[in-house]
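# Topology and contacts: notes
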Amino acid sequence: MAAAGPSSAEQAGGGRPLPPLARAARTRGTRSIGGAGITPYLFLLPYLALFTMFIALPAVYGFWVSLHNWDFQLPNKPWVGFQNYVDLFTPGSLTSRDFWQAMEATGKFTLFSVPLLVVLPLGVALILNQKFPGRNFFRAVYFAPYVLGVAVIGVLWTLLLDPNIGVVNYYVEKVGAQENIAWTNSLPWAWIALVAVTIWWTLGYNAVIYLAGLQDIPRELYEAAKVDGASRWGRFRNVTLPGLRPVLIFIVTITILASANMFGQSWLITQGAPGNETRTAIMLIAQEGLQSFRMGSAAAMSFVLATFLLMISLVNLFVFRERKS
Amino acid sequence: MANDLPFERRPLTRKRFMQLTAGAGAGLALAGCGGSSADEAGGGGGEAAETGAAGAEYTGPNVSLQFWNGFTGGDGPFMREMVDRFNTEHPNIKVKMVVQQWGDYYQKVPAAVAAGRGPDVGVMHVDTLATNAARNVIIPLDDLAETLDLSEQDYAKVVWDAGVYQEERYGIPLDTHPLGFYFNKAHMDKAGIDKAPITAEEHEEALQKLKSAGIQHPFWQSSTWPAHLMFTSLLGQFGGSIVNEDGSEATFADDPGVEALTWMVNLVKEGYSPKNVASDADYIAFKNQKNSFHWDGIWQTQDLKKTKLNWDVTVLPQIGEEQATWAGSHNLVIMKQRRPDDNKIQAGKVFINWISEQSIEWAQAGQVPARNTVRNSAQFKGLEHQSELAKQQDYVVFFPSYPGIGDIIAEMEQAVNRAVLGKQSPQQSLQQGASKADKLLQDNKKKYDY
């Protein structure tokens, strides 16, 4: 690479013969690209096959489905063109009201949960990165809830948070609340409960990734900063945060996607209550497609949701892009 | 609860897991039929009353049948035992029973049938028959009914009629499972009430007495399951219906619906029920002596029998102008096959006939047998709770038999939820639900062409 720079510059500079070394580098470079042949592609092939089979083809098929009134058990699957999409954007249609309510619910949940799920685990990771007795124990404790399935945490918190017979309210009352808090079926409490449960459940995962990132930051940088007289905050801002940048991008991206795909918590803990206020987009899509067997409109909903997520991911990439100063 | 799949509730975790597996496809193994004791099966009790229908016989080569159902609760072992006995009595037919959560079942069966790997026989709730018939999952059984010489006279009319979709019969009724009025006898004694209330006035009076006797909340009104079953019962009592005659319009928001839902909401307003009762809390409170009255399905008798609670169950009180009680019904069905095998179909019919004749055994699992002969037998009358709730047989209300009716039930359920939680007035809430249900009905009518 280093040799390629000057050589091309010289080439641009005129018909002077290339120095032997540069020429060698150049030919070697050319040959190595040509000589690699199909090897890199072979390495990519297994994933490509999986990707094609389980993502690309189903997506194309799903798009095809979204252009019909599709029920796999009915011989007649009428072609409707983009009607399923048009319906989603037509107030008063069969699907629009529920869909946008679910999108709003999804948006709210993402908005409330992502900042907390990005910041809190970082705090936890910073603490767990210190040296103190019992450190490994606490690392395990914070990660523990994450190993539980959504079924388990769903049933667990449904009982704990029950407005009338739950343990949480028992203590809330002990500390002097006048009335039961309806954690699972009133607003805003249902959102608070869902966000809190999600944080409790998945905080450990993000924390572990931060922790790995923190351990990758060279000690010397901190020492150098200390020597230069940087305060604790200064070291965090100028050493830790920049050092965590790739990790931070990763965490923000996956947390947004995970929150936007939230399903199990709403399904189990609030069941969408009150009314449909906490029914997320994925929950609606599952009901529409798998219970009502309206797979065409469910597929259309999925594509609209996917488009939104794509846009958010693009914004995300743009915000975190490498700034050249 | 947004689930529109019909399933009856087993205590607590069962429903949870069903919802879960319906959506997330997880947790199957956890919810299995462990734990429930088969001791109530006791004493054999197998001598079913003969109906004289001996028309079904299978003499062909050995066949093996896949029998799928959703009996994951205390009912599972009863059915399994019946299947075992069938296998012993029929050496050339081997029935293999596969159990999964109902929620899962109703998604998997159509998918399996579509893939050409569906089961041979199965059980379906009466309100899902039309949907599965319209979706080509199950096949008509008129000829079976004919060979078995089964007819309306063998069943309560409402039960028999409910298995018909577009003039063809798709299910052979096995049982009905109505709602019942559960009450805490200790609370009743304490409040000086000597018998379960049977009118609206008596009901109100009883609640007042219970309240004065120090029961803070004598009648917990759930905002989810089984609130919509209560609502359906009350709707019938006030003379209303869920949809109109030809299934083209939702009628649950009409006056009877508003009256029914207002009555339920008033339980909360007048302080007989705590606010915001979430799913299962009403039943748990009943088991923990915090709740005196509870309307729930007959299947809860099996669970309550295992407790030390001093309880009893009777028919629902009549709150409206007439008697009505929601009920479900398990029906035996035969699945459509890509390459139908006449031997298997014939063997399946023998199996269905045999099982339906044994329904006294099934009654012990907490069901009301569908066959009149069995229901009128001395043996059934000996089953205290089941025979008490069977008194409602003539006025049970099923969910209407239209394809896709689950979509409409789900809207109704949410309307009940919003009103009980006090988010909207009964009228407003029902109207919002009905206007969506109307659109769904129109769409379904077009889709299924009924």
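Residues numbered from 1 in each chain as written. Chains lettered and ligands numbered in written order. Predicted model: local features only at pLDDT ≥ 70, side-chain atom pairs only at ≥ 80, totals over all residues. Heavy atoms only, no water.

## Looking at the overall build of chain B
A tally of regular secondary structure across chain B gives 19 helices and 13 strands. Counting only carbon and sulfur atoms, one obtains 47% of the accessible surface of chain B, whose full area is about 15700 Å². (Helix = DSSP H or I, 4+ residues; strand = E, 2+ residues; numbered from the N terminus. Areas by Shrake-Rupley, 256 points an atom, 1.4 Å probe, with all protein chains shown as cover.)

## Section: the overall build of chain A
Helix and strand counts for chain A come out as 14 helices and zero strands. Mapped in sequence order, the helices and strands of chain A form the string α-α-α-α-α-α-α-α-α-α-α-α-α-α. In chain A, which comprises 325 residues, the share counted as buried stands at 42%. Just so you have it, chain A exposes about 18200 Å², and 70% of that area is on carbon and sulfur atoms. (Buried < 20%, exposed > 50% of the residue type's maximum accessible area, 1.4 Å probe, protein only.)

## Looking at the domain arrangement of chain B
Residues and elements named next belong to chain B. One can read the domain layout of chain B as domain 1 (13-174 + 329-391) and domain 2 (179-327 + 404-448). Taken together, the contacts link 21 residues of domain 1 with 21 residues of domain 2. Carbon and sulfur atoms supply 55% of the area that domain 1 and domain 2 bury against each other, a total of about 1600 Å² over both sides. Inspection of the domain 1/domain 2 interface yields zero salt bridges. Listed by contribution, the elements that provide at least two residues to the side of domain 1 that touches domain 2 are α1 (13-23), α4 (126-134) and α17 (384-389). Counting residues per element, the side of domain 1 that touches domain 2 draws most heavily on α17, at five residues. When the residues that make up the side of domain 1 that touches domain 2 are grouped by side-chain class, the tally is five nonpolar, eight polar and eight charged. (Domains from an automatic or database assignment. Contact = heavy atoms within 4.5 Å. Buried area = accessible area lost by both parts, 1.4 Å probe. Salt bridge = Lys/Arg side-chain N within 4 Å of Asp/Glu carboxyl O. Nonpolar A, V, L, I, M, F, W, Y, C, P; charged D, E, K, R; others polar.)

## Quick notes on the packing of aromatic side chains
The final tally for this structure, using the stated rule, is 40 aromatic pairs over all chains. Measuring from centroid to centroid gives 6.2 Å for A:Phe132 and A:Phe138, while their planes differ by 50 degrees, and the two rings are tilted. Classification of A:Phe132 by relative accessible area gives partly exposed; the value is 29%. Here the aromatic rings of B:Trp102 and B:Tyr105 are separated by 5.1 Å at their centres, their planes lie at 90 degrees, and the arrangement is edge-to-face. Residue B:Trp102 and its partner B:Tyr105 are both found in helix α3 (residues 102-114); the two are separated by three residues, about one turn of the helix. Of the residues examined, B:Trp102 reaches a relative accessible area of 0% and is grouped as buried. Residue class for B:Tyr105 comes out buried when judged on its relative accessible area of 0%. Ring pairing ties together the aromatic residues B:Phe181, B:Phe183, B:Phe219, B:Trp263, B:Phe293 and B:Trp295, which thus form one cluster. (Phe/Tyr/Trp six-rings, centres within 6.5 Å; stacked < 30°, edge-to-face > 60°.)

## Some remarks on the layout of surface pockets
Size it by volume and the largest pocket reaches roughly 800 Å³. The wall of the largest pocket is formed by 30 residues, among which A:Asn164, A:Asn180, B:Gln216, B:His217 and B:Pro274 lie closest to the centre. Put simply, the parts of the chain that give the lining of the largest pocket at least two residues each are α8 (167-174) of chain A together with α11 (281-287) of chain B. Broken down by element, the lining of the largest pocket gets its largest block of residues, four residues, from α8(A). Among the residues making up the lining of the largest pocket, the classes are represented as 12 nonpolar, 13 polar and five charged. (1 Å grid on protein atoms, 1.4 Å probe; cavity = no way out; pocket = protein on both sides within 12 Å on 5 of 7 lines; lining within 4 Å. Points joined across faces, edges and corners; volume = space filled by probe spheres on them.)

## A closer look at the nonpolar core
The biggest cluster of nonpolar side chains holds 137 residues, and the ones touching the most others in it are B:Phe67, B:Met79, B:Met124, B:Phe231 and B:Phe252. Split by domain, this core shows at least three residues from each of two domains, domain 1 (13-174 + 329-391) and domain 2 (179-327 + 404-448) of chain B. When residues no more than four places from it in sequence are discounted, the contact partners of B:Phe67 are B:Met79, B:Val83, B:Val95, B:Lys96, B:Met97, B:Val98, B:Val121, B:Gly122, B:Val123, B:Leu332 and B:Phe351. Core analysis: the next-biggest nonpolar cluster, separate from the first, contains 42 residues, A:Ile181, A:Val195, A:Val197 and A:Ile251 among them. (Core = buried A, V, L, I, M, F, W, Y, C linked by side-chain atoms within 4.5 Å.)

## Comments concerning helix α11 (residues 232-260) of chain A
A rise of 1.5 Å per residue sets the reference length of α11(A), with its 29 residues, at 42 Å; its end C-alpha atoms lie only 35 Å apart and thus fall more than 12% short of the reference. At A:Arg245, α11(A) shows its maximal kink, close to 60 degrees; a proline, A:Pro246, follows between one and four residues later. (Expected span 1.5 Å × (residues − 1). Bend = angle between axes of the 7 residues up to and from the residue.)

## Side note on the interface of chain B and chain A
By convention, interface size is frequently given as the accessible area that disappears when the constituent parts associate. The interface of chain B with chain A comprises 50 residues on the first partner and 41 residues on the second. Buried area between chain B and chain A, both sides added, is near 3700 Å², and the carbon and sulfur share of it is 53%. Taken together, the links from chain B to chain A amount to six salt bridges. Ionic pairing is found between B:Asp443 and A:Arg294, a salt bridge with its closest N-O pair at 2.2 Å. Among the secondary structure elements, those contributing two or more residues to the side of chain B that touches chain A are α1, α3, α11, α18 (405-420) and α19 (426-448) of chain B. The element best represented in the side of chain B that touches chain A is α19(B), accounting for eight residues. For the side of chain B that touches chain A, a count of residues per class yields 24 nonpolar, 13 polar and 13 charged.

## Structural notes on the pattern of salt bridges
Here the structure, examined in full by the defined rule, presents 20 salt bridges over all chains. When the shortest N-O distance is used, the salt bridge between B:Asp407 and A:Arg294 registers 2.7 Å. You can see B:Asp407 sitting in helix α18 and its partner A:Arg294 sitting in the loop between α13 (281-291) and α14 (295-319), one on each of two chains. Just as B:Asp407 is buried, A:Arg294 falls in that class too. When the shortest N-O distance is used, the salt bridge between B:Lys209 and B:Glu205 registers 3.7 Å.

## Notes on a positive patch on the surface
The grouping of A:Lys131, A:Arg219, A:Lys226 and A:Arg232 at the surface amounts to a positive patch. Along the polypeptide, A:Lys226 turns up in helix α10 (residues 219-227). (Patch = residues over 30% accessible without salt bridge, like charges linked within 9 Å, V, L, I, M, F, W, Y side chains within 5 Å. Lys, Arg positive; Asp, Glu negative; His and termini not counted. Charge placed at Lys NZ, Arg CZ, Asp CG, Glu CD.)

## With respect to the environment of B:Trp102
Along the chain, B:Trp102 and B:Gly171 lie 69 residues apart, while their C-alpha atoms are 17 Å from each other. Within the structure, B:Trp102 has its side chain in polar contact with the backbone oxygen of B:Gly70 (distance 3.2 Å). (Polar contact = N/O pair within 3.5 Å; in protein donor to acceptor, adjacent residues only side chain to side chain.)

## Some words on the environment of B:Trp362
All names here are of chain B. As for its position among the elements, Trp362 is in helix α14 (residues 359-363). Residue class for Trp362 comes out buried when judged on its relative accessible area of 0%. Between the alpha carbons of Trp362 and Phe78 there is a distance of 6.4 Å; along the sequence they are 284 residues apart. The residues touching Trp362, leaving out its near neighbours within four places in the chain, are Phe71, Asp75, Phe78, Met79, Met82, Leu174, Asp175, His330 and Gln367.

## Side note on a negative patch on the surface
Residue and element names in this part refer to chain B. A contiguous patch of negative charge, built from Glu249, Asp254, Asp255, Glu259, Glu321 and Glu322, is present on the exposed surface. Relative to the helices and strands, Glu249 is located in the loop between α9 (227-237) and α10 (255-269). Residue classification places Glu249 among the partly exposed residues on the basis of a relative accessible area of 45%.

## Here we look at the sheet that holds strand β2 (residues 93-99) of chain B
Residues and elements named next belong to chain B. Read from one edge to the other, the open sheet built from five strands follows the order β2-β1-β3-β11-β6, with strand pairing classed as mixed. Two strands in the sheet have a free side with no partner beyond their single neighbour: β2 and β6 (172-173). Two elements, β6 and strand β11 (residues 330-334), share two bridges in a ladder whose sense is antiparallel. Among the inter-strand pairings, Pro173 is bridged to a residue of β11, identified as Asn331. Packing of helix α2 (residues 75-89) onto the sheet brings it into contact with β1 (63-69) and β2, and relative to β2 it is tilted by some 165 degrees. Sitting on the sheet, α3 is in contact with β1, β3 (121-125) and β11, with an inclination near 130 degrees to β3. (Pairing = 2+ DSSP bridges. Axes fitted to C-alpha atoms, helices over the stretch in contact; angles between N-to-C directions.)

## Focus on the confidence of the model for chain B
Residue and element names in this part refer to chain B. Mean pLDDT over chain B works out to 87, with 88% of the residues at or above the 70 mark. Counted against residues more than four places away or in other chains, residues 1-54, with its pLDDT under 50, gives 160 contacts. ipTM for the predicted complex: 0.83, alongside a pTM of 0.85. (pLDDT = per-residue confidence, 0-100.)

## Comments concerning a nonpolar patch on the surface
Residue and element names in this part refer to chain A. There is a patch of nonpolar side chains on the surface, built from Ile38, Tyr41, Leu42, Leu44, Leu45, Tyr47, Leu48, Leu50, Phe51, Met53, Phe54 and Ile55 and spanning about 1300 Å² of accessible area. When you line up the elements, Met53 lands in helix α3 (residues 39-66). Take Met53: its relative accessible area is 48%, and that puts it in the partly exposed class.

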